[in-house]
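Spelled out from the first residue to the last, the chains are:
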Amino acid sequence: MFESKVCPSCNKPVREEAVFCLDCGERIDNEEVEVEIDDQKSGSVGEIKAVRLENPSLIDNMISDDLLAFDNIEETKPCLKVIEGDDKGVEIPLGERLVLGRKASGDCWRLSDPYISREHAVIRREDDEYLLKNLSGTNGTKVNGVEIDEQKLSHGDLVEIGFTVMSFQKNDD
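Residues numbered from 1 in each chain as written. Predicted model: local features only at pLDDT ≥ 70, side-chain atom pairs only at ≥ 80, totals over all residues. Heavy atoms only, no water.

### What to know about the overall build of the protein
- Counting secondary structure elements, the protein contains 2 helices and 14 strands.
- Going through the 173 residues of the protein one by one, you find that 31% of them count as buried.
- A fraction of 40% describes how many contacts in the protein between residues 6 or more apart in sequence connect residues 24 or more apart.
- Approximately 11400 Å² of the protein is accessible, and the part contributed by carbon and sulfur atoms is 45%. (Helix = DSSP H or I, 4+ residues; strand = E, 2+ residues; numbered from the N terminus. Buried < 20%, exposed > 50% of the residue type's maximum accessible area, 1.4 Å probe, protein only. Contact = heavy atoms within 4.5 Å. Areas by Shrake-Rupley, 256 points an atom, 1.4 Å probe, with all protein chains shown as cover.)

Here it is as C-alpha cells:
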C-alpha cells in the first residue's frame, strides 16, 4: 500500500513534507491534509508538485506587500548611465558631489573621451535634487541638447559632455 498527501484545495498529490501546493499555492497544514491510499506496491503517485522548506516560517516572513509589488522590487540609486561615447555601458553612481572629467583624482570620475576637460562638470545633491554645473569654458555641457551653465536634473535627462552622452537615472518614489 502506498500513501500520499493530497492538497485540500485542488486535490492534487503533494509530497509528504510539502508546505505549499505548487499547483494552486494553497498552504498545506499537516492536520488538514487528506491522505490517499494507493494499492500500488511501487512507483510514484502522479506528478509531485511541492517541495519541503527547511524552515517553513521563513516563507511567511518573506511574503509581504513589498515583494508582491513588482514595480518596487528593484530600487535604483541615482546614477548616470553612459549611453554614447568611449565609456558606453558604464554606470556612474551619484552621491553628495561628483566631478566629471579626464582628471585622475579621488573626487573626479574619470571619463575616456578626449573632448572632455580635466574637470568638465560637477553634479551635487541639494536635498533630494541633483544639480549639474558646467565647469568647462571650452567644450560646454548640454542637457537634452541645450547648452547649460547650471541645470536641475530630472529622471531620463540626457547629459552631453564632449562626445559622451549620459542618461540621468533617479527613482522618484
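### So, the packing of aromatic side chains
- Considering all chains together, one arrives at 2 aromatic pairs under this definition.
- With centroids separated by 4.8 Å and ring planes inclined at 90°, the aromatic side chains of Tyr115 and Phe163 adopt a geometry described as edge-to-face. Taken together, the residues span a long stretch of sequence, with Tyr115 in the loop between strand 7 (108-110) and strand 8 (121-126) and Phe163 in the loop between strand 13 (158-161) and strand 14 (164-169) at a distance of 48 residues.
- Tyr115 gets classed as partly exposed once you look at its relative accessible area, which sits at 47%. (Phe/Tyr/Trp six-rings, centres within 6.5 Å; stacked < 30°, edge-to-face > 60°.)

### Considering the confidence of the model for the protein
- Looking at the protein as a whole, the pLDDT averages 76, with 68% of positions reaching at least 70.
- For residues 32-37, every residue scores under 50 in pLDDT, and the model assigns this stretch 16 contacts once sequence neighbours within four places are set aside.
- Note on residues 63-74: pLDDT is under 50 here. Beyond four places in sequence and across chains, it has 4 contacts. (pLDDT = per-residue confidence, 0-100.)

### Here's the deal with unusual backbone geometry
- In the Ramachandran plot, Asn11 falls in the positive-phi region, its phi being about 60° despite a non-glycine side chain.
- Along the polypeptide, Asn11 turns up in the loop between strand 1 (2-6) and strand 2 (13-14).
- For Asn144, which is not glycine, the phi dihedral falls at a positive 55°.
- Take Asn144: it is sitting in the loop between strand 10 (141-143) and strand 11 (146-147).

### Describing the pattern of salt bridges
- Evaluated as defined, the whole model comprises 7 salt bridges.
- Note that Glu96 and Arg125 form a salt bridge whose closest N and O atoms lie 2.8 Å from each other. Placement of the pair is Glu96 in the loop between strand 5 (91-93) and strand 6 (97-101) and Arg125 in strand 8, with a sequence separation of 29 residues.
- Exposure remark for Glu96: the relative accessible area of 48% places this residue in the partly exposed category. (Salt bridge = Lys/Arg side-chain N within 4 Å of Asp/Glu carboxyl O.)

### What about the sheet that holds strand 8?
- Pairing is mixed in the open sheet, where 5 strands are placed in the order 7-6-8-9-12. On the outer flanks of this sheet lie strand 7 and strand 12 (150-153), each paired with one strand and no other. Across the sheet, the mean angle separating the axes of adjacent strands is 25° when strand polarity is ignored. (Pairing = 2+ DSSP bridges. Axes fitted to C-alpha atoms, helices over the stretch in contact; angles between N-to-C directions.)

### A closer look at the sheet that holds strand 11
- Reading across the sheet, the 6 strands line up as 5-4-14-13-10-11 and stay open at both edges, with antiparallel pairing between neighbours. Edge strands, defined here as strands with exactly one partner in the open sheet, are strand 5 and strand 11.
- Where strand 10 and strand 11 come together, 2 bridges link them in antiparallel fashion. What sits directly across from Lys142, in strand 11, is Glu147.

### What to know about the environment of Ile148
- With respect to the element layout, Ile148 can be found in the loop between strand 11 and strand 12.
- Remark: the alpha-carbon pair of Ile148 and Leu132, spanning 16 residues in sequence, is separated by 8.7 Å.

### Structural notes on the side chain of Lys170
- Relative to the assigned elements, Lys170 resides in the segment after strand 14.
- Within the local environment of Lys170, its side chain forms a polar contact with the backbone oxygen of Asp128, the two atoms lying 2.9 Å apart. (Polar contact = N/O pair within 3.5 Å; in protein donor to acceptor, adjacent residues only side chain to side chain.)

### Topic: the nonpolar core
- The biggest cluster of nonpolar side chains holds 19 residues, and the ones touching the most others in it are Leu80, Ile92, Leu100, Ile123, Leu132 and Met166.
- Where this core is concerned, the elements lending two or more residues are strand 4 (79-84), strand 6, strand 8, strand 9 (129-134), strand 13 and strand 14.
- Once you skip the residues sitting within four places of it in the chain, Leu132 turns out to touch Ala121, Val122, Ile123, Thr141, Val143, Ile148, Asp149, Glu150, Gln151, Leu153 and Val159.
- Core analysis: the next-biggest nonpolar cluster, separate from the first, contains 5 residues, Val14, Ala18, Cys21 and Ile28 among them. (Core = buried A, V, L, I, M, F, W, Y, C linked by side-chain atoms within 4.5 Å.)

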